[in-house]
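What the coordinates show
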Amino acid sequence: MDFPFMMYAAEQEGDIPTRTGKIQKFIKLLAQESDPNDVDRQYDIAYLCGLDPNSFTANEINYIEREVSRLIE
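Note that this is a predicted model, so its numbers are computed, not measured. Chains are numbered independently. Their residues run from 1 in the order of the written sequence. In keeping with the predicted nature of the model, local features appear solely for residues at pLDDT of at least 70, side-chain atom pairs appear and are counted solely at 80 or more, and the whole-chain, interface and lining totals rest on all residues. To obtain the side-chain values, all non-hydrogen atoms of the structure were included, while hydrogens and water were left out.

Remarks on helix 1 (residues 3-12)
Filter applied, for reference: Residues adjacent in sequence count toward polar contacts only when both atoms are side-chain atoms; beyond that, a polar contact is any pair of N or O atoms within 3.5 Å, and within protein one must be able to donate a hydrogen and the other to accept it. Secondary structure follows DSSP: runs of H or I at least 4 residues long count as helices, runs of E at least 2 residues long count as strands, and numbering of each begins at the N terminus.
A distance of 2.8 Å separates the backbone nitrogen of Phe5 from a side-chain oxygen at the start of helix 1, and that oxygen is part of Asp2. Taken from the residues just after helix 1, Gly14 is the one with a positive phi, measuring 85 degrees.

Written out as structure tokens, the structure is:
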């Protein structure tokens, strides 16, 4: 396995603290919640992941919603 692919895979798992990595971690943790629509929990998890929940772009929100839905189905 080559290094760039390993870094990409780690980022997709939320193991690297880039913005994308933090969002991936946020998605994984949010999907584990009993109510992923609970705004208070969303904020708590976002801050836990090192994200400001007020800084998400519209594209990021759409991506997060799609991925969380996919993971909880």
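Following the structure, the description resumes.
Description of the nonpolar core
If you look at soluble globular proteins, the nonpolar side chains tend to sit buried side by side. Cut-off, in case you're wondering: Throughout, nonpolar core names a set of buried Ala, Val, Leu, Ile, Met, Phe, Trp, Tyr and Cys residues whose side chains join them through atoms within 4.5 Å. Three labels apply to residues, based on accessible area from a 1.4 Å probe with only protein chains included: buried if under 20% of the type maximum, exposed if over 50%, partly exposed otherwise in between. In what follows, residue pairs with any heavy atoms lying within 4.5 Å of each other are defined as contacts.
Within the largest apolar cluster, 12 residues are counted, these being Ile23, Phe26, Ile27, Leu30, Ala31, Ile45, Ala46, Cys49, Leu51, Phe56, Ile64 and Val68. Only helix 2 (19-31), helix 3 (39-48) and helix 4 (58-72) provide two or more residues apiece to this core. In terms of residues, this core owes the most to one element, helix 2, which gives 5 residues. Beyond its immediate sequence surroundings of up to four residues, Ile64 is in contact with Ile23, Phe26, Ile27, Leu30 and Phe56.

Observations concerning the pattern of salt bridges
Applied cut-off: Between Lys or Arg on one side and Asp or Glu on the other, a salt bridge is scored when a side-chain nitrogen of the former is within 4 Å of a carboxyl oxygen of the latter.
Applying the stated rule across the entire model yields 4 salt bridges. Across the salt bridge formed by Glu67 and Arg70, the nearest N and O atoms sit 2.7 Å from each other. Within this pair, Glu67 and its partner Arg70 are both found in helix 4, separated by 3 residues, close to a single helical turn. Judged by its relative accessible area of 13%, Glu67 falls in the buried class. A network of salt bridges, in which partner residues are shared, links Glu33, Arg41 and Asp44.

As for a nonpolar patch on the surface
Inclusion rule: Residues qualify for a patch when their relative accessible area is over 30% and they have no salt bridge, like charges being joined within 9 Å and the nonpolar side chains of Val, Leu, Ile, Met, Phe, Trp and Tyr within 5 Å. Note on areas: Shrake-Rupley, 1.4 Å probe, and residue coverage restricted to the protein chains presented here.
On the surface, Phe3, Met6 and Met7 cluster together into a nonpolar patch covering about 300 Å² of accessible area. With respect to the helices and strands, Phe3 occurs in helix 1. By relative accessible area, Phe3 is classed as exposed at 56%.

Brief notes about the environment of Asn37
Inspection of the secondary structure assignment puts Asn37 in the loop between helix 2 and helix 3. Residue classification places Asn37 among the exposed positions, given a relative accessible area of 62%. Placed 16 residues apart in sequence, Asn37 and Pro53 show a C-alpha to C-alpha distance of 13 Å.

The values reported here are purely geometric and, on their own, carry no functional implication.
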